[in-house]
Amino acid sequence: MHRILSIVTTLEQHLIAVTCADSDIYRPLACPYCGMGGLWRHGCYYRKADRCGMNSKSLNPVPVPRYLCPPCERTCSRLPLCIAPRRWFDWAMQQVVLALLLAGCSIHHCCRCTCRARSTVRRWRDWLQSRSEEFCFYLRSRFPELGRHADRDAFWRHVIEGRSLAQAMAWLDRELVVP
Ligand SMILES: [Zn+2]
């Protein structure tokens, strides 16, 4: 999909890139729906992406540039690495939760450590379980050294420790729809 722009890793970098008039790093080379090039800038939409800043220092709402494909008249956008597509929380928070579970923590303990709701923790755990086979296939084809980890949990522990969940998802985003 190439929806994730992995070179932009913080909200601060993202805001500079979006507000700088010369910068157009978010413009997709081609429309994800029909494949045509020549997309037009089409305003922004806004996300509550800053989960850390206190009220007065919050960077919210965070603008995300939108692009219009003239031939098919559909709009699309790309996101920095620090904002997860279709998720309220960023990859870093998801990584903390998943790393605890992969290390053998119970759901209960994980909720207490991360202050995340039980339903959220379960949803992320189930998501990784259900997509794991597909994700592993693509990650192993790109990073052969990952093939050494036959066990699913060991594989993901290695991915998270060696890269990060965000970097792994940015790479998978080129081949698949994530999350
Ligand atoms: Zn199109």
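Residues numbered from 1 in each chain as written. Predicted model: local features only at pLDDT ≥ 70, side-chain atom pairs only at ≥ 80, totals over all residues. Heavy atoms only, no water.

J.: What's the story with the coordination of the zinc ion in this structure? I'm lost.
T.: Ideal geometry at a metal centre: 109.5 degrees between donors when four sit tetrahedrally, and 90 or 180 degrees when six sit octahedrally. Protein ligation of the zinc ion involves Cys 31 (SG), Cys 34 (SG), Cys 69 (SG) and Cys 72 (SG), the donor distances falling in the range 2.2 to 2.3 Å. Each of the four donor atoms bound to the zinc ion contributes to angles spanning 102 to 121°, and the resulting shape is tetrahedral. (Donors = N, O, S within 2.8 Å, 3.2 Å for Na, K, Ca; no water. Tetrahedral: all angles 85-135°; square planar, octahedral: opposite > 155°, others 65-115°.)

J.: For this particular structure, what's the right way to read the environment of Ile 160?
T.: Examined against the element boundaries, Ile 160 turns out to sit in helix α5 (residues 152-162). What makes Ile 160 buried here is its relative accessible area of 8%. Measuring from C-alpha to C-alpha, the distance between Ile 160 and Gln 95 comes to 7.3 Å, with 65 residues separating the pair along the chain. With sequence-adjacent residues up to four places away left out, Ile 160 is seen in contact with Gln 95, Leu 98, Ala 99 and Leu 102. (Helix = DSSP H or I, 4+ residues; strand = E, 2+ residues; numbered from the N terminus. Buried < 20%, exposed > 50% of the residue type's maximum accessible area, 1.4 Å probe, protein only. Contact = heavy atoms within 4.5 Å.)

J.: It is not clear to me how the domain arrangement of the chain should be interpreted in this structure. Could you clarify?
T.: Split into domains, the chain comes out as domain 1 (4-80) and domain 2 (91-172). Using only C-alpha atoms to locate each centre, domain 1 and domain 2 end up separated by 26 Å. (Domains from an automatic or database assignment.)

J.: What should I look at first to understand helix α1 (residues 11-19) in this one?
T.: Residue pairs three or four apart in sequence face the same way in an α-helix, which turns once every 3.6 residues. Among all positions of α1, only Leu 11, His 14, Leu 15, Ala 17 and Val 18 are buried. For α1, the buried positions fall inside an angular range of 165° around the axis, keeping them on one side. Looking at the buried positions of α1, the neighbouring elements they touch are β2 (40-47), β3 (62-68) and β5 (79-80). (Arc of directions from axis to C-beta.)

J.: Is there a simple way to explain the packing of helix α2 (residues 91-102) against α5 in this structure?
T.: Between two packed helices, both the angle of their axes relative to each other and the distance between the axes serve to describe the pair. It is at 10 Å that the axes of α2 and α5 come closest, and there the two elements cross at 140°. By the criterion of interaxial angle, the relationship of α2 to α5 is oblique. Here α2 and α5 pass one another in a crossing that is left-handed. Together, Gln 95, Leu 98, Ala 99 and Leu 102 of α2 and Asp 153, Trp 156, Arg 157 and Ile 160 of α5 make up the contact between the two elements. The residue inventory of the contact of α2 with α5, partitioned by class, reads five nonpolar, one polar and two charged. (Axes fitted to C-alpha atoms, helices over the stretch in contact; angles between N-to-C directions. Parallel < 35°, antiparallel > 145°, perpendicular 65-115°, else oblique. Left-handed = near helix turned anticlockwise from the far one by under 90°. Nonpolar A, V, L, I, M, F, W, Y, C, P; charged D, E, K, R; others polar.)

J.: I tried to follow the nonpolar core on my own but got confused; where do I start?
T.: Among soluble globular proteins, nonpolar side chains are generally buried collectively. In terms of nonpolar packing, the biggest core is built from 34 residues, with Trp 91, Phe 135, Leu 139, Trp 156, Met 169 and Leu 172 touching the most fellow members. Mapped by element, the contributors of at least two residues to this core are α2, α3 (107-114), α4 (118-142), α5 and α6 (165-172). When neighbours within four sequence positions are excluded, Leu 139 is seen to be in contact with Leu 146, Phe 155, Trp 156, Val 159, Ala 168, Trp 171 and Leu 172. Leu 5, Tyr 26, Cys 31 and Leu 39 belong to the second-largest nonpolar core, a separate cluster that totals ten residues. (Core = buried A, V, L, I, M, F, W, Y, C linked by side-chain atoms within 4.5 Å.)

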